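Architecture at a glance
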Amino acid sequence: MKIIALKMPLLALLVIAMLSCEKDDDNGPDNEQELITTISLKFTGGGQTVTFTAEDKDGDGGAAPVIQAITLKANTDYTLSVSFLDASKTPTEDITTEVKAESNDHLVCYVATGPMGAPQIQDTDAGGKPLGLESKFKTGAAGAGSFKVTLKHEADKGNANACSTGETDAEATFNVTYNKKTGHGIPCPVFILTQVI
Ligand SMILES: [Ca+2]
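All of these numbers come straight from a predicted model, not from anything done at the bench.

1. Thoughts on the overall build of the chain
- Along the chain, the regular secondary structure elements total two helices and 13 strands.
- Relative to its full complement of 197 residues, the chain shows a buried share of 26%.
- Sequence-distant contacts, at least 24 apart, represent 66% of the contacts inside the chain between residues at least 6 apart.

As structure tokens, then:
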């Protein structure tokens, strides 16, 4: 999972400002930095709503991110709502609001492997182009796969490979299990640790 500051230009300006000012009594850059520590995925379908998160509270380095394993029902229509949070603050700050406010500069990209259809983006930015905070998809047969979520900044939405452009604000890859509708309930989520790239 990759976690970096949401506003790199702001950080760069802060650094320049600090270098050019000998006396700076203002708050340090930590108070200005916007971090995304957490990607939260809310799936609604098959008569239930389930939420899974990928979280790295101390950002790059330090403690490894904790990425929950996703469990969904096979052959089921789902809607997906994704949120980006900064859980290093108390209370947790919802960065999704900022993503929406600067919707033209953001694009959420998804890569699914295994029996899961590619999510179809349902929402648009201020310019009518895809945003990706809301999407829907249909799961296939029972099985397993992975699901990568990436928040891109200043991607070229006119590019056929828009998700290959721009900068990455946050990214995580979840393991996904698709269960048959057996009526025996769903297994408890399995927590795994992955190393920061
Ligand atoms: Ca970390």
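That was the structure; now back to the text.
2. A look at unusual backbone geometry
- The omega angle of the peptide bond from T90 to P91 is 0 degrees, so this bond is cis rather than trans.
- With respect to the secondary-structure elements, P91 resides in the loop between β6 (77–86) and β7 (93–94).
- Of note in the backbone geometry, N75 takes a positive phi value of approximately 50 degrees without being a glycine.
- Structurally, N75 is set in the loop between β5 (70–73) and β6.

3. Regarding the environment of T44
- Mapped onto the elements, T44 comes out in strand β2 (residues 38–45).
- By the C-beta count within 10 Å, which is 15 here, T44 ends up partly exposed.
- Spatially, the C-alpha atom of T44 lies 9.7 Å from that of L72, the residues being 28 residues apart in sequence.
- Ignoring any residue separated from it by four or fewer positions in sequence, one finds T44 in contact with T49, Y78 and T79.

4. Digging into the nonpolar core
- Counting 33 residues, the largest nonpolar core has I39, F84, V108, F147, V149, F174 and V176 as the members making the most contacts within it.
- Ranked by residues supplied to this core, first place goes to strand β12 (residues 167–179) with five residues.
- Excluding residues within four positions of it along the chain, I39 makes contact with T53, A54, V82, F84, V149, A170 and A172.

5. Quick look at the pairing of strand β8 (residues 106–112)
- A large share of β8 lies buried, amounting to five of its seven residues.
- Here β8 runs beside strand β11 (residues 143–153); their pairing, made up of seven bridges, is antiparallel. Residue pairing in the sheet places C109 in a bridge with T150 of β11.

6. Observations regarding the environment of L41
- For L41, the location among the structural elements is in strand β2.
- Owing to 20 C-beta atoms within 10 Å, L41 belongs among the buried residues under this scheme.
- Discounting chain neighbours no more than four positions away, the residues touching L41 are T51, F52, L80, V82 and V149.

7. Points about the pairing of β11
- Relative to β12, β11 runs antiparallel, the two sharing 11 bridges. The partner of L151 across the bridge, within β12, is A170.

8. Description of the confidence of the model for the chain
- Of all residues in the chain, 74% have pLDDT values of 70 or greater, and the mean over the chain is 83.
- In the model, residues 8–33 has pLDDT below 50 throughout and makes eight contacts with residues more than four positions away in sequence or in other chains.

9. Observations regarding the environment of L107
- Considering the arrangement of structural elements, one finds L107 in strand β8.
- Given 26 C-beta atoms within a 10 Å radius, L107 is considered buried.
- In sequence terms L107 and H153 are 46 residues apart; their C-alpha atoms lie 6.7 Å from each other.
- The contacts of L107, once residues within four sequence positions are left out, are P130, L131, G132, K152, A155, K157 and A162.

Definitions and cut-offs
Residues numbered from 1 in each chain as written. Predicted model: local features only at pLDDT ≥ 70, side-chain atom pairs only at ≥ 80, totals over all residues. Helix = DSSP H or I, 4+ residues; strand = E, 2+ residues; numbered from the N terminus. Buried ≥ 20, exposed ≤ 12 C-beta atoms within 10 Å, placed from the backbone. Contact = placed C-beta atoms within 7 Å. Core = buried A, V, L, I, M, F, W, Y, C linked by C-beta atoms within 7 Å. Pairing = 2+ DSSP bridges. pLDDT = per-residue confidence, 0-100.

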